[in-house]
Amino acid sequence: AQSVTQLGSHVSVSEGALVLLRCNYSSSVPPYLFWYVQYPNQGLQLLLKYTSAATLVKGINGFEAEFKKSETSFHLTKPSAHMSDAAEYFCAVSDSPVGAGGTSYGKLTFGQGTILTVHP
Amino acid sequence: EAGVTQSPTHLIKTRGQQVTLRCSPISGHTSVYWYQQALGLGLQFLLWYDEGEERNRGNFPPRFSGRQFPNYSSELNVNALELEDSALYLCASSPYLRTTQYFGPGTRLTVL
């Protein structure tokens, strides 16, 4: 079964500081990994995705994430936080189409989310 | 390009009632997914539809059901509402066998 663990339910940084949101996954097949952001009272917006190409993935709004198979991690980073980055961030895992079929296919399994607060 | 749309935005129901939520996918997407985001329970997969058929189902009771129409829009029906059904219900869409899902703004359901 797939699972995702996000370390730290709350992360607080100062504006201009490095943002690091941690995500570890467990998957029995080659995973596809995603980061989504949710602003208050809104749906989920895709930030970036890893689909077995380059291990360093660049997304929108200056975010990037690195897939490390040996560490089963997919941490999200941004060099310099902006006030507008304050939101809740979700890491998610999905079976690749190679693993089509079975009980986990077609669904995203999400972590519990990390609320990012940015202080001026 | 229009994104995933959901209606209504908010809904208030009482215990025991039935509710129908609606979702229109991005043009060209044939798969529709439903998720529940309840306080303290995180985001949980409910249902996946493609080409009018239910392809996968999460760990929810049968009173959660849905369907997909020929134009690929979808409905989520919840019967015999319980207080714990209060949540944000998110719909997502993707092309078939494409793993990236794009989400709508959600429907906030409150059960009193």
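Here the structure is a predicted model, which is why all the values come from computation and not from measurement. (Residues numbered from 1 in each chain as written. Chains lettered and ligands numbered in written order. Predicted model: local features only at pLDDT ≥ 70, side-chain atom pairs only at ≥ 80, totals over all residues. Heavy atoms only, no water.)

1. Digging into the overall build of chain B
A tally of regular secondary structure across chain B gives 0 helices and 11 strands. The globule rule puts the C-alpha radius of gyration for 112 residues at 13 Å, and the 13 Å found for chain B is close to it. On the principal axes, the C-alpha backbone points of chain B span a range of 40 × 25 × 25 Å. Per-residue burial for chain B yields a buried fraction of 52% across its 112 residues. (Helix = DSSP H or I, 4+ residues; strand = E, 2+ residues; numbered from the N terminus. Rg over C-alpha atoms; globule rule 2.2 N^0.38 Å. Buried < 20%, exposed > 50% of the residue type's maximum accessible area, 1.4 Å probe, protein only.)

2. Here's the deal with the interface of chain A and chain B
Listed by partner, the interface residues are 24 residues for chain A and 21 residues for chain B. Our enumeration of links across chain A and chain B arrives at 0 salt bridges. For the interface between chain A and chain B, the tally reads 4 residue pairs in polar contact (both at pLDDT 80 or more). For the side of chain A that touches chain B, the secondary structure elements donating two or more residues are strand S4 (31-38), strand S5 (44-50) and strand S9 (87-95) of chain A. Considering every element that reaches the side of chain A that touches chain B, the biggest residue donor is S4(A), with 4 residues. Its residues assigned to classes, the side of chain A that touches chain B comprises 10 nonpolar, 11 polar and 3 charged. (Contact = heavy atoms within 4.5 Å. Salt bridge = Lys/Arg side-chain N within 4 Å of Asp/Glu carboxyl O. Polar contact = N/O pair within 3.5 Å; in protein donor to acceptor, adjacent residues only side chain to side chain. Nonpolar A, V, L, I, M, F, W, Y, C, P; charged D, E, K, R; others polar.)

3. Focus: the pairing of strand S2 (residues 10-14) of chain A
Residue and element names in this part refer to chain A. By the alternation rule, side chains of S2 split into Val11 and Val13, which are all buried, and His10, Ser12 and Ser14, of which none is buried. For S2 and strand S11 (residues 114-119), the ladder comprises 5 bridges, and the chain directions are parallel. Paired with Val11 across the two strands is Leu116, which belongs to S11. (Pairing = 2+ DSSP bridges.)

4. Some details on the packing of aromatic side chains
For the structure shown, the criterion picks out 14 aromatic pairs over all chains. Aromatic pair A:Tyr50 and A:Phe67: ring centres 4.1 Å apart, planes at 15 degrees, arrangement stacked. In this pair, A:Tyr50 is assigned in strand S5 and A:Phe67 in strand S7 (residues 64-68), connecting sequence segments 17 residues apart. The exposure class of A:Tyr50 is buried, given its relative accessible area of 7%. Among the residues examined, A:Phe67 registers a relative accessible area of 10% and is labelled buried. On the basis of an interplanar angle of 10 degrees and a centroid distance of 5.8 Å, the ring pair of B:Tyr33 and B:Trp48 is categorised as stacked. Residue B:Tyr33 is found in strand S4 (residues 31-38), and its partner B:Trp48 is found in strand S5 (residues 42-50); the two are separated by 15 residues along the sequence. For the residue pair B:Tyr33 and B:Trp48, the accessibility class agrees, reading buried in each case. (Phe/Tyr/Trp six-rings, centres within 6.5 Å; stacked < 30°, edge-to-face > 60°.)

5. So, the nonpolar core
In terms of nonpolar packing, the biggest core is built from 26 residues, with A:Trp35, A:Leu47, A:Leu48, A:Phe74, A:Leu76 and A:Tyr89 touching the most fellow members. At the level of secondary structure, the elements contributing two or more residues to this core comprise S2, strand S3 (19-26), S4, S5, S7, strand S8 (73-78), S9 and S11 of chain A. Residues in contact with A:Phe74, not counting those within four places in the same chain, are A:Cys23, A:Leu33, A:Phe34, A:Trp35, A:Leu48, A:Lys49, A:Tyr50, A:Val57, A:Ala65, A:Glu66 and A:Phe67. Counting 22 residues, the second-largest nonpolar core is a separate cluster that includes B:Cys23, B:Phe60, B:Phe64 and B:Ala87. (Core = buried A, V, L, I, M, F, W, Y, C linked by side-chain atoms within 4.5 Å.)

6. A look at the pattern of salt bridges
A full pass over the atoms with the stated rule returns 8 salt bridges over all chains. Close ionic contact of A:Asp85 with A:Lys78 constitutes a salt bridge, the shortest N to O distance being 2.8 Å. For A:Lys78, a relative accessible area of 10% translates into the label buried. Counted as one network, the salt bridges with shared partners bring together B:Arg22, B:Arg67 and B:Glu75.

Spatial relationships are all this shows, so hold off on functional conclusions.
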